[in-house]
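The chain contents come next:
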2 protein chains.
Amino acid sequence: MISIQRSVRCVLPRALRMRQLSSTSSPTSFKFSDLEVQQCKPNEMAPKPDPNNLVFGHHFADHMLEIPWNADQGWGKPVICPVHNFSFHPAAKVFHYAVELFEGMKAYRGYDQKVRLFRPDCNMERMRSTAIRSSLPDFDGDEMIKCIQKLVSVDKEWVPHSTTSTLYLRPTFIGTEPSLGVSVSREALLYVISGPVGPYYPTGFKPVHLLADPKYVRAWEGGCGAYKMGANYAPTINIQLEALEKHHCQQVLWLYGPEHQLTEVGTMNIFMFWVNEQGERELVTPPLDTGIILPGVTRRSLIDLARKWGDIKVSERTFNMKDVTKALNENRLLELFGAGTACVVCPVEKIIYQGDDLHIPTMKDGAPITMKLYQELTDIQYAKTPSDWMVEVD
Amino acid sequence: MISIQRSVRCVLPRALRMRQLSSTSSPTSFKFSDLEVQQCKPNEMAPKPDPNNLVFGHHFADHMLEIPWNADQGWGKPVICPVHNFSFHPAAKVFHYAVELFEGMKAYRGYDQKVRLFRPDCNMERMRSTAIRSSLPDFDGDEMIKCIQKLVSVDKEWVPHSTTSTLYLRPTFIGTEPSLGVSVSREALLYVISGPVGPYYPTGFKPVHLLADPKYVRAWEGGCGAYKMGANYAPTINIQLEALEKHHCQQVLWLYGPEHQLTEVGTMNIFMFWVNEQGERELVTPPLDTGIILPGVTRRSLIDLARKWGDIKVSERTFNMKDVTKALNENRLLELFGAGTACVVCPVEKIIYQGDDLHIPTMKDGAPITMKLYQELTDIQYAKTPSDWMVEVD
């Protein structure tokens, strides 16, 4: 059994913690105790989709959570209600200036049939930090978690009866003030929708190919790459399309700086397991202090798990394409993978870089480190291994 | 009279021209000839606001233009209809991944009472380029201009009867597909709203103070700073707030790179008029080829006007804070100003940089170059000076 202390409670690195500027909002939060639940009528409930044919992001559970805010009155009452379209003025700031942010998290139905959230405090810590970076109002993360627990409870039958599928949750926060001008939004809406998602690897691990082209940069020092703002995503769509159409690569490997540091893979953090220059077996992922890496919840969880093993070195530090190519040539690069909420881990078998195909031997011996991390984390998420990381719903 | 040849028709620099990837859309465009006009009923028309109390972005004319698109059927019919709220699913991509872009342009009522647009081909060129960068579908810019002309014609009484005020137009393009996942939006909406805006300087030029803090970076080589995507704006709001609240600066001066190049001011391009190291009187603005500068329509127009004078050197090249401080010390810095659609020119009188207040003598002799550019451009816009840049409405 893995026992994880409460002391690992989520705290972002100092560099990413945002201080709220005075005029953004009142400091108070909405309260779970004010939550109003408006249940769907039975005839309004959607049929559950075939759990074997779930397409990510296309199926939605029956209910959503909505919490309005405005600068004059502060937070309104949280409401759980049937999923419905929004009605916004065409000048709403979210349509023009990308005043928007989100989180991705999941509800798991464990081996014991109980439904649980995975480290929701980490998501709320990051969401609050991103809200402040976006000049949207702060709120109490614990109150939000209680509202989300209730939402999942109301839509409990949407959590797949499966230890490979989940109910994906999408907390979202948008600026809705209907006025043009690049300025703080005086109206906003915090909401959560959800939907069932299938196993990421229904037929076993599928390693991916990456396009690594230094002419595209995802995030930069002095920018907002460490925050889950919508602004970080739109610019990547065209590059992702180029990777797929021109190079048959499923993902983009985002490089940074003159030394072509590896930063992220698609929308995932990146990990490399190798024998380093000192001959040590080391799991390495880029550090958060530069502000260009998203502080992933899966990222920090994998670091925590691997550190407990005690038999490999675990480092948060930069590494670049020269390190990768040199290690490949010397047979020291063992495994390379992305890590994120959607897939847990995503093994890499090829990188296209400056005209070369770099073959990465991740799957050669069955990706033992990648697999071990996957197994340990999913065992926690589906409650095979008890852990304080899991928070029960109801 | 200034005569401007058709040969100056808008073409973006090669580096910013985007090629459409195959799966983004069908190549066809909507057509002006399909336009349907649904006029407001007289009782639906809003009262015109007091032209002396116009707040930017808060007043809207009665009608809007809407053109839907989806990946299966391509472009739908353009419709001019009463301004109304949109109804979108909470999973619409615009709320999550900032799939959105816009333009800012104006309709002017000239001295001869005729209403005209200023270089709409430049806005459409940039909008199409930004759409492709955003994986949204391309369209025919001339068809769009005809639709916009009609919109302005329908709301002609909203164009202020004034040679200092204008009807601000906001073409906007958003991805509306209701599905989660960072990918090309298979549904989109192109629309235009408009509203009257007052004179930017009702009581004469008001020079601004700028916060220049190199720890904040607006855009990066390899990013999307040269496109008018919503993603470029949300990250600036918090910095703008800090400039105002902590430093009493109205705008942020965006620096770049280890040498602290001057790139933009708030949402404007930047110009410096100085005596350069070679002793030449030179008007300088950063070049577009790095991909970090928005190709402003006012920017290129001011360059064109100043080049016609023939008595000063006009350069598109980088300059940095060391150039600024050295020139200030040697009394060679004469004028510094922002340039954009909202204000035309915006003189700068102070920069706060690394703990120092740099006093910029822009207004010392009445800002002769800044003023001359302002006068020449507004004379064209309000049709005091005939110019091919102006396109009549009706």
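What you are looking at is a predicted structure, and each value in this text was computed from that prediction instead of being measured.

Residues and elements named next belong to chain A. Mapping leucine 54 onto the fold places it in the loop between strand E1 (36-37) and strand E2 (63-70). Judged by relative accessible area, leucine 54 falls into the buried class, the value being 16%. Along the sequence, leucine 54 and glycine 198 sit 144 residues apart, while their C-alpha atoms lie 5.4 Å from each other. Not counting the four nearest positions on each side in its chain, leucine 54 is found in contact with Pro49, His59, Pro196, Val197 and Gly198.

Right, let's get into the pattern of salt bridges. Two side chains bearing opposite charge may form a pair once their charged atoms approach each other closely. What the rule picks out here adds up to 43 salt bridges over all chains. Residues A:Glu277 and A:Arg332 are paired through a salt bridge, measuring 3.6 Å at the closest nitrogen-oxygen approach. Here the residue A:Glu277 occupies a position in the loop between strand E14 (268-275) and strand E15 (281-285), and A:Arg332 occupies one in the loop between helix H6 (321-329) and strand E17 (333-340), the gap between them amounting to 55 residues. Among the residues examined, A:Glu277 registers a relative accessible area of 44% and is labelled partly exposed. Ionic pairing is found between B:Lys77 and B:Glu36, a salt bridge with its closest N-O pair at 3.2 Å.

Another aspect to go through is unusual backbone geometry. What you tend to see is this: most non-glycine residues have negative phi, and most peptide bonds are trans. Residues other than glycine seldom take positive phi values, yet A:Ala98 does so here, at roughly 60°. Tracing the backbone shows A:Ala98 in the loop between helix H1 (93-96) and strand E6 (100-102). The phi dihedral of B:Val344 is positive, around 65°, even though this residue is not glycine. With respect to the helices, strands and loops of the structure, B:Val344 is situated in strand E18 (residues 344-353). Judged by relative accessible area, B:Val344 falls into the buried class, the value being 8%.

Residue and element names in this part refer to chain B. Among the eleven residues of strand E10 (residues 187-197), ten are classified as buried, and the element is accordingly described as predominantly covered. Across six bridges, strand E2 (residues 63-70) lies against E10 in antiparallel orientation. Paired with tryptophan 69 across the bridge in E10 is alanine 188.

Let us now look at the relation of the copies chain B and chain A. Note on the identical chains: chain B maps onto chain A by a rotation of 180° and an axial translation of 0.0 Å, with an RMSD of 0.0 Å. Expressed as an axis order, the relation between the two copies is that of a two-fold axis. Relative to the rotation axis, the C-alpha of B:Ala231 is the closest in chain B, positioned 2.0 Å from it. The fraction of interface residues of chain B whose copies in chain A are also interface residues reaches 97%, indicating that both copies meet through the same surface.

What characterises a pair of aromatic rings is the spacing of the ring centres plus the angle enclosed by the ring planes. Counting across every chain of the model gives 35 aromatic pairs over all chains. Centre to centre, the rings of A:Phe30 and A:Trp75 are 5.0 Å apart; their planes meet at 75°, and the pair counts as edge-to-face. Here A:Phe30 is found in the segment before E1, whereas its partner A:Trp75 is found in strand E3 (residues 74-75), with 45 residues between them in sequence. Taken as a pair, A:Phe30 and A:Trp75 share a single burial class, namely buried. Each ring, one from A:Phe86 and one from A:Phe88, has its centre 5.2 Å from the other, and the planes form 40°; the classification is tilted. Neither residue differs from the other here; A:Phe86 and A:Phe88 are each classed as buried. Ring pairs connect the aromatic residues A:Phe86, A:Phe88, A:Phe95, A:Tyr191, B:Phe86, B:Phe88, B:Phe95 and B:Tyr191, which therefore count as one cluster. For A:Lys372, the ring lying beneath its charged end belongs to A:Trp309, and the centroid distance is 4.0 Å.

Right, let's get into the interface of chain B and chain A. Counting residues at the interface gives 71 residues for chain B, matched by 70 residues for chain A. Approximately 5700 Å² of surface area, both sides summed, lies buried where chain B meets chain A, with 61% of it carried by carbon and sulfur atoms. The interface formed by chain B and chain A holds zero salt bridges in total. In this structure, the connection of chain B to chain A is made through 33 residue pairs in polar contact (both at pLDDT 80 or more). At the level of secondary structure, the elements contributing two or more residues to the side of chain B that touches chain A comprise strand E5 (86-88), helix H1 (93-96), strand E6 (100-102), helix H2 (120-133), strand E9 (166-175), E10 and helix H4 (234-247) of chain B. Here the element with the most residues in the side of chain B that touches chain A is H4(B); it accounts for ten residues. Where strand E5 (residues 86-88) of chain A lies against E5(B), three bridges are found, and the strand directions are antiparallel. Its bridge partner being in E5(B), A:Ser87 is matched across the sheet by B:Ser87.

Residues and elements named next belong to chain B. Residues of helix H6 (residues 321-329) that are buried: Met321, Val324, Ala327 and Leu328. Taken end-on, H6 shows its buried residues confined to a sector of 135°, consistent with a single buried face. Those residues of H6 that are exposed and aimed more than 90 degrees away from the buried face are Lys322 and Asn329. Measuring from the backbone nitrogen of lysine 322 back to the side-chain oxygen at the start of H6 gives 3.0 Å, which picks out asparagine 320 as the cap. Of the residues flanking the end of H6, it is asparagine 331, one or two places downstream, whose phi is positive at about 55°.

What follows deals with the nonpolar core. A:Phe95 and B:Phe95 are the most contacted members of the largest nonpolar core, which has 116 residues in total. Residues in contact with B:Phe95, not counting those within four places in the same chain, are A:Phe86, A:Phe88, A:Val94, A:Phe95, A:Glu100, A:Thr172, A:Ile174, A:Tyr191, B:Phe88, B:His89 and B:Pro90. If you look at the next biggest cluster of nonpolar residues, it comprises 31 residues, including A:Trp220, A:Tyr227, A:Ile292 and B:Ala231.

Residue and element names in this part refer to chain A. With numbering matched to this structure, UniProt assigns "modified residue: N6-(pyridoxal phosphate)lysine" (unreviewed entry) to Lys228. Within the element layout of this structure, lysine 228 appears in the loop between strand E11 (208-212) and helix H4 (234-247). Contacts of lysine 228, omitting those with residues within four sequence positions, involve Leu101, Phe102, Glu103, Gly104, Arg126, Thr130, Tyr233 and Leu294.

Residue and element names in this part refer to chain A. What the domain assignment reports for chain A is domain 1 (14-199) and domain 2 (208-381). The straight-line distance from the C-alpha centre of domain 1 to that of domain 2 is 28 Å. In this complex, domain 1 contributes 20 residues to the contact, which on the side of domain 2 involves 22 residues. A buried area of about 2000 Å², summed over both sides, lies between domain 1 and domain 2, and 63% of it is on carbon and sulfur atoms. Summed over the three residues of domain 1 that lose the most area to domain 2, namely Leu16, Phe118 and Arg126, the buried surface amounts to 31% of that side. Across the contact surface, domain 1 and domain 2 share one salt bridge.

This paragraph deals with the environment of A:Asp112. Residue and element names in this part refer to chain A. By secondary structure assignment, the location of aspartate 112 is in the loop between strand E7 (105-109) and strand E8 (115-118). When the C-alpha atoms of aspartate 112 and alanine 383 are compared, they prove to be 7.3 Å apart, with 271 residues separating the residues in sequence. For aspartate 112, the side chain forms a polar contact with the side chain of arginine 116, separated by 2.6 Å.

A word on the side chain of A:Glu100. Locating A:Glu100 in the fold gives a position in strand E6. Despite its burial, A:Glu100 pairs with no opposite charge; the closest candidate is A:Arg170, at 8.5 Å N-O. Here the side chain of A:Glu100 touches B:Ala98 through a polar contact of 2.7 Å, landing on its backbone nitrogen. With residues near it in sequence (within four places) discarded, A:Glu100 still touches A:Val94, A:Phe173, A:Ile174, A:Met229, A:Gly230, B:Lys93, B:Val94, B:Phe95, B:His96, B:Tyr97, B:Ala98 and B:Glu100.

Thresholds, definitions, all that
- Residues numbered from 1 in each chain as written.
- Chains lettered and ligands numbered in written order.
- Predicted model: local features only at pLDDT ≥ 70, side-chain atom pairs only at ≥ 80, totals over all residues.
- Heavy atoms only, no water.
- Helix = DSSP H or I, 4+ residues; strand = E, 2+ residues; numbered from the N terminus.
- Buried < 20%, exposed > 50% of the residue type's maximum accessible area, 1.4 Å probe, protein only.
- Contact = heavy atoms within 4.5 Å.
- Salt bridge = Lys/Arg side-chain N within 4 Å of Asp/Glu carboxyl O.
- Pairing = 2+ DSSP bridges.
- Least-squares fit on C-alpha atoms with pLDDT ≥ 70 in both.
- Phe/Tyr/Trp six-rings, centres within 6.5 Å; stacked < 30°, edge-to-face > 60°.
- Lys NZ or Arg CZ within 6 Å of the ring centre and 35° of its normal.
- Buried area = accessible area lost by both parts, 1.4 Å probe.
- Polar contact = N/O pair within 3.5 Å; in protein donor to acceptor, adjacent residues only side chain to side chain.
- Arc of directions from axis to C-beta.
- Core = buried A, V, L, I, M, F, W, Y, C linked by side-chain atoms within 4.5 Å.
- UniProt positions renumbered as here; feature names shortened; annotations may be inferred.
- Domains from an automatic or database assignment.
- Lys, Arg positive; Asp, Glu negative; His and termini not counted.

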